[in-house]
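Here's the letter readout for the chains.
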Amino acid sequence: MEFHPDDLDHPAVIGLLEAHLRDMHAITPAESVHALDLSGLRAADVRFWSAWIDGQLVACGALRDLGRGQGELKSMRTASAHRNQGVGTAMLAHLLAHARAEGYEQLWLETGATAPFFPAHRLYARAGFETCGPFADYTDDPHSVFMTLRL
């Protein structure tokens, strides 16, 4: 698997991110969707990576710098055809390695609370993330699950 940083102009990446946003809006009330669009992923405090196997896009993910050694996982997505093959685990490991290399002390994430998000809950829990309350600018939301990991 190859990881490419800041590949937000590639048509395949744009397509995967657009599908991600469509899916989030299809299964979550609009006010509870916190996924970043392309402009959000291009923000100065966000680092984005895409993952490729044999020239095919398989996943993406991002780290947002929250300051003071804190970071947030954003836009974790595995392409549908590559789910349940360890791709999400590899993408998460890549992001965690970068967070550690950058000196982050703690990572946070927000994900959905309903059944379609249960595989993500399991992925994050296997990596050591624990459920917690809202962080940064988030508020309590029955459609959100918040998790954190001390690095």
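Residues numbered from 1 in each chain as written. Predicted model: local features only at pLDDT ≥ 70, side-chain atom pairs only at ≥ 80, totals over all residues. Heavy atoms only, no water.

Caption draft 1: Inspection of the packing of aromatic side chains at higher detail. Under the defined criterion, the tally for this structure stands at five aromatic pairs. Pairing Trp 108 with Phe 135 gives two aromatic rings, centres 5.2 Å apart and planes at 25 degrees, and the pair type is stacked. Taken together, the residues span a long stretch of sequence, with Trp 108 in strand E5 (residues 106-112) and Phe 135 in the loop between strand E6 (130-132) and strand E7 (144-150) at a distance of 27 residues. Here the aromatic rings of Tyr 124 and Phe 129 are separated by 5.7 Å at their centres, their planes lie at 65 degrees, and the arrangement is edge-to-face. (Phe/Tyr/Trp six-rings, centres within 6.5 Å; stacked < 30°, edge-to-face > 60°. Helix = DSSP H or I, 4+ residues; strand = E, 2+ residues; numbered from the N terminus.)

Caption draft 2: Focus on the sheet that holds E6. Sheet architecture is open: seven strands sit in the order E1-E2-E3-E4-E5-E7-E6, paired in mixed fashion. A strand with exactly one partner marks an edge of an open sheet, and here the two such strands are strand E1 (2-5) and E6. Strand-to-strand twist of the sheet, defined as the mean angle between neighbouring strand axes without regard to direction, takes the value 30 degrees. With seven bridges joining them, strand E3 (residues 56-67) and strand E4 (residues 70-78) adopt antiparallel strand pairing. When the bridges of E4 are listed, Leu 63 appears paired with Leu 73. (Pairing = 2+ DSSP bridges. Axes fitted to C-alpha atoms, helices over the stretch in contact; angles between N-to-C directions.)

Caption draft 3: View of the layout of surface pockets. Approximately 920 Å³ is the volume attributed to the largest pocket. Lining the largest pocket are 35 residues, and of these Met 76, Arg 77, Pro 116, Ala 120 and Tyr 124 lie nearest its centre. If you list the elements that add at least two residues to the lining of the largest pocket, you get helix H1 (11-27), E4, helix H3 (87-101), E5 and helix H4 (118-126). (1 Å grid on protein atoms, 1.4 Å probe; cavity = no way out; pocket = protein on both sides within 12 Å on 5 of 7 lines; lining within 4 Å. Points joined across faces, edges and corners; volume = space filled by probe spheres on them.)

Caption draft 4: Quick look at the pairing of E4. When you tally the buried positions in E4, you get nine out of nine residues, the bulk of the element. As consecutive antiparallel partners, E3 and E4 are separated by two residues, and within that stretch Arg 68 has a phi angle of approximately 50 degrees, a positive value. Sheet topology note: the E4/E5 ladder contains three bridges and is parallel. The residue of E5 that forms the bridge with Gly 71 is Leu 107. Crossover connection from E4 via H3 to parallel E5: handedness right-handed. (Buried < 20%, exposed > 50% of the residue type's maximum accessible area, 1.4 Å probe, protein only. Right-handed = clockwise from strand over helix to strand, strands pointing away.)

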